[in-house]
Amino acid sequence: MRRAGSRSRQWWAAAVVAGLAVLAAGLVWFKPWALWVDESVHEALPSAKAAPPGTRGTASAAPPSGPVTVAQGAFISHEHATTGTVKIIRLEDGTHTLRLEGLDTSSGPDVRVWLSDAPVKEGKAGWRVFDDGRYVNLAPLKGNKGDQNYPLPANVDWAAYPSVSIWCDRFDVSFGAAALART
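Residues numbered from 1 in each chain as written. Predicted model: local features only at pLDDT ≥ 70, side-chain atom pairs only at ≥ 80, totals over all residues. Heavy atoms only, no water.

Chemist: Quick one: what's the story with the overall build of the protein chain, residue by residue and with numbers?
Modeler: A tally of helices and strands in the protein chain yields one helix and 11 strands. Within the protein chain, the proportion of its 183 residues that are buried is 37%. Carbon and sulfur atoms provide 59% of the accessible area of the protein chain, an area that totals close to 10500 Å². (Helix = DSSP H or I, 4+ residues; strand = E, 2+ residues; numbered from the N terminus. Buried < 20%, exposed > 50% of the residue type's maximum accessible area, 1.4 Å probe, protein only. Areas by Shrake-Rupley, 256 points an atom, 1.4 Å probe, with all protein chains shown as cover.)

Put into structure tokens, the structure is as follows:
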């Protein structure tokens, strides 16, 4: 009989160890503490030095001096309450930057800023559409609150992507999104 009790204790010990391993793996995967940790970012509006003379085309086609907003939109909430605005800004040197202003959303694991060709839809219908078509994963979200800048790659035609999503890549869901309208 003693032998059966020893096996039973070994089985329970193994079950407890396996349960703790599953719990630890779940915590690493889901990172639930990220929902309660805010990270604020307050980046200034980007500026760039003008390109050297002769490198931007003709003088009559020279863009205006200083950063210019060429498209913008307001965030709507999806999986998490999300507010703020997004702008595409053309800098003096002709490059473009995506700027988030007054962003306020939840934090989470593997949250990213995406340009997408998917339409922005209200409610649950819009939660998972942004990876259905073409998208550009610009960068990990720098912070879930504040103002931040994301340079657009030179080979990306931002006009082909009429929406921006704060996308949780871990769970394939949009926290919030904005439709871009040309200004």
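Chemist: So what about the pairing of strand β8 (residues 145-151)? Which residues, and what values?
Modeler: In the sheet, strand β1 (residues 40-42) pairs with β8 via three bridges, with the strands oriented parallel. Looking at the pairing, Val41 lines up with Gly146 of β8. With six bridges joining them, strand β5 (residues 96-104) and β8 adopt antiparallel strand pairing. When the sheet's bridge partners are listed, Asp104 is paired in β8 with Lys145. (Pairing = 2+ DSSP bridges.)

Chemist: Go over the pairing of strand β10 (residues 173-179), please, and point to the residues and values.
Modeler: The buried fraction of β10 amounts to six of the seven residues, a majority that puts the element mostly inside the structure. Bridge count between strand β3 (residues 76-77) and β10: two bridges; the pairing is antiparallel. Bridging across to β10, Ser77 finds its partner in Gly176. Pairing of strand β9 (residues 163-168) with β10 involves six bridges; the strand directions are antiparallel. Looking across to β10, one finds that Ser163 is bridged to Ala179. The turn joining β9 and β10, which pair antiparallel and follow one another in sequence, is formed by four residues; a positive phi near 50 degrees is taken by Asp172.

Chemist: Describe the pattern of salt bridges, and please don't skip the residues or the numbers.
Modeler: The tally for this structure, following the rule as stated, stands at six salt bridges. A salt bridge links Glu101 to Lys87, with the nearest nitrogen and oxygen atoms 3.1 Å apart. Here Lys87 lies in strand β4 (residues 83-90) and Glu101 lies in strand β5, a separation of 14 residues in the sequence. Judged by its relative accessible area of 23%, Glu101 is partly exposed. Owing to a relative accessible area of 19%, Lys87 belongs among the buried residues under this scheme. A salt bridge links Arg112 to Asp110, with the nearest nitrogen and oxygen atoms 3.1 Å apart. Its relative accessible area of 30% is what places Asp110 among the partly exposed residues. Several salt bridges converge on common partners, so that one network encompasses Lys87, Arg99 and Glu101. (Salt bridge = Lys/Arg side-chain N within 4 Å of Asp/Glu carboxyl O.)

Chemist: Give a description of the sheet that holds strand β6 (residues 111-116) that names residues and reports values.
Modeler: The sheet built from five strands is open, its strands ordered β3-β10-β9-β6-β7 with antiparallel pairing. A strand with exactly one partner marks an edge of an open sheet, and here the two such strands are β3 and β7 (135-140).

Chemist: Now, about the sheet that holds β5: what can you tell me, with residues and values included?
Modeler: Pairing is mixed across the open sheet formed by six strands, whose spatial order is β1-β8-β5-β4-β2-β11. Since the sheet does not close on itself, it has two edges, and those belong to β1 and β11 (181-182), each with one partner. Of the strand pairs in this sheet, strand β2 (residues 68-74) and β11 are connected by two bridges, and their pairing is antiparallel. When the bridges of β11 are listed, Ala71 appears paired with Arg182.

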